[in-house]
Amino acid sequence: VGIGVTTIIVAFQRSDPPISDEDQIRETLNSLAEAYNNADHDSYVNYFCPAERSGLSDEAELRQDRAETGRIDFDVVAIEVTGDTAKVTATASVENEDEPDTDTLDFVKQDGRWMVLLFGDECSA
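In short, a report on the structure. This is a predicted model, so every value here is computed, not measured.

1. Digging into the pattern of salt bridges
Here comes step 1: For the structure on display, the rule yields 4 salt bridges.
Here comes step 2: We note a salt bridge from arginine 26 to aspartate 23, for which the minimum N-O separation is 3.5 Å. Separated by 3 residues within a single helix, arginine 26 and aspartate 23 lie in helix H2 (residues 21-37), roughly one turn from each other.
Here comes step 3: Residue aspartate 23 is classed as partly exposed on the basis of its relative accessible area of 37%.
Here comes step 4: Between aspartate 106 and lysine 87 there is a salt bridge, with its nearest N and O atoms 2.6 Å apart. Of the two residues, aspartate 106 is situated in strand S3 (residues 101-110) and lysine 87 in strand S2 (residues 85-94); the sequence distance between them amounts to 19 residues.
Here comes step 5: According to the relative accessible area criterion, lysine 87 is partly exposed, its value standing at 44%.

2. Considerations on a negative patch on the surface
Here comes step 1: Side chains of Glu97, Asp98, Glu99, Asp101 and Asp103 sit close together on the surface and give a patch of like negative charge.
Here comes step 2: Residue position: aspartate 101 is located in strand S3.

3. Some details on the sheet that holds S2
Here comes step 1: In space, the 4 strands of this open sheet follow the order S1-S2-S3-S4, with antiparallel pairing throughout. Two strands bound the open sheet, and with one partner strand each, they are strand S1 (72-82) and strand S4 (113-117). Averaged over all pairs of adjacent strands, the angle between their axes in this sheet comes to 35 degrees, without regard to strand direction.
Here comes step 2: Looking at chain direction, S2 and S3 are connected through 8 bridges and run antiparallel. Note on S3: the bridge partner recorded for threonine 91 is threonine 102.
Here comes step 3: In the packing of H2 onto the sheet, contacts are made with S1, S2, S3 and S4, and the angle to S1 comes to roughly 150 degrees.

4. Some remarks on the packing of aromatic side chains
Two aromatic rings are characterised by how far apart their centres lie and by the angle between their planes.
Here comes step 1: This structure, assessed with the given rule, holds 2 aromatic pairs.
Here comes step 2: Taking the centre distance of 5.9 Å and the plane angle of 50 degrees together, the rings of tyrosine 36 and tyrosine 44 count as tilted.
Here comes step 3: By relative accessible area, tyrosine 36 is classed as buried at 11%.

5. Quick notes on the environment of serine 57
Here comes step 1: The residue serine 57 is located in the loop between helix H3 (41-45) and helix H4 (59-69) in this model.
Here comes step 2: C-alpha separation for the pair serine 57 and histidine 41, spaced 16 residues apart in sequence, amounts to 8.5 Å.
Here comes step 3: Beyond its immediate chain neighbours, meaning those up to four positions away, serine 57 contacts His41, Leu62 and Asp65.

6. With respect to unusual backbone geometry
Here comes step 1: A positive phi angle is found at alanine 39, which is not glycine, with a value near 50 degrees.
Here comes step 2: Relative to the assigned elements, alanine 39 resides in the loop between H2 and H3.
Here comes step 3: Unlike most non-glycine residues, aspartate 111 shows phi in positive territory, near 55 degrees.
Here comes step 4: Structurally, aspartate 111 can be placed in the loop between S3 and S4.

7. Focus: the nonpolar core
Here comes step 1: With 22 residues, the main nonpolar core has Ile25, Leu32, Tyr44, Val88 and Phe107 as its most contacted residues.
Here comes step 2: Looking at this core, the elements with two or more residues in it are H2, H3, S1, S2 and S4.
Here comes step 3: What leucine 32 contacts, discounting residues up to four positions off in sequence, is Tyr44, Tyr47, Phe48 and Val116.

Criteria and cut-off values
Residues numbered from 1 in each chain as written. Predicted model: local features only at pLDDT ≥ 70, side-chain atom pairs only at ≥ 80, totals over all residues. Heavy atoms only, no water. Salt bridge = Lys/Arg side-chain N within 4 Å of Asp/Glu carboxyl O. Helix = DSSP H or I, 4+ residues; strand = E, 2+ residues; numbered from the N terminus. Buried < 20%, exposed > 50% of the residue type's maximum accessible area, 1.4 Å probe, protein only. Patch = residues over 30% accessible without salt bridge, like charges linked within 9 Å, V, L, I, M, F, W, Y side chains within 5 Å. Areas by Shrake-Rupley, 256 points an atom, 1.4 Å probe, with all protein chains shown as cover. Lys, Arg positive; Asp, Glu negative; His and termini not counted. Charge placed at Lys NZ, Arg CZ, Asp CG, Glu CD. Pairing = 2+ DSSP bridges. Axes fitted to C-alpha atoms, helices over the stretch in contact; angles between N-to-C directions. Contact = heavy atoms within 4.5 Å. Phe/Tyr/Trp six-rings, centres within 6.5 Å; stacked < 30°, edge-to-face > 60°. Core = buried A, V, L, I, M, F, W, Y, C linked by side-chain atoms within 4.5 Å.

Structure, rendered in structure tokens:
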């Protein structure tokens, strides 16, 4: 019994703590940049709300945009989470542009994952 209890305690102590909303949002933004940099259209659009995906570039446009802009990287300045929504201020450094651009993006958590909300006030499927 003692060995079983010790094993459970050790296993519990080794489990990773839950990832914060802020860290999940950072991961989403980094993954979005990676998908853009790889011109991976299917992955790229997956980081936006489903209802807004039709307003995004198609695969050919994404490849052309990527070729023209070069790589993009985001540096998160601030994240303000309010329930299932967030305002994220980030600086985008684009390879073929002279100056980085700082802007605020809206994020929404739907079905347990954070997505960028571009056009509307809410995210719907």
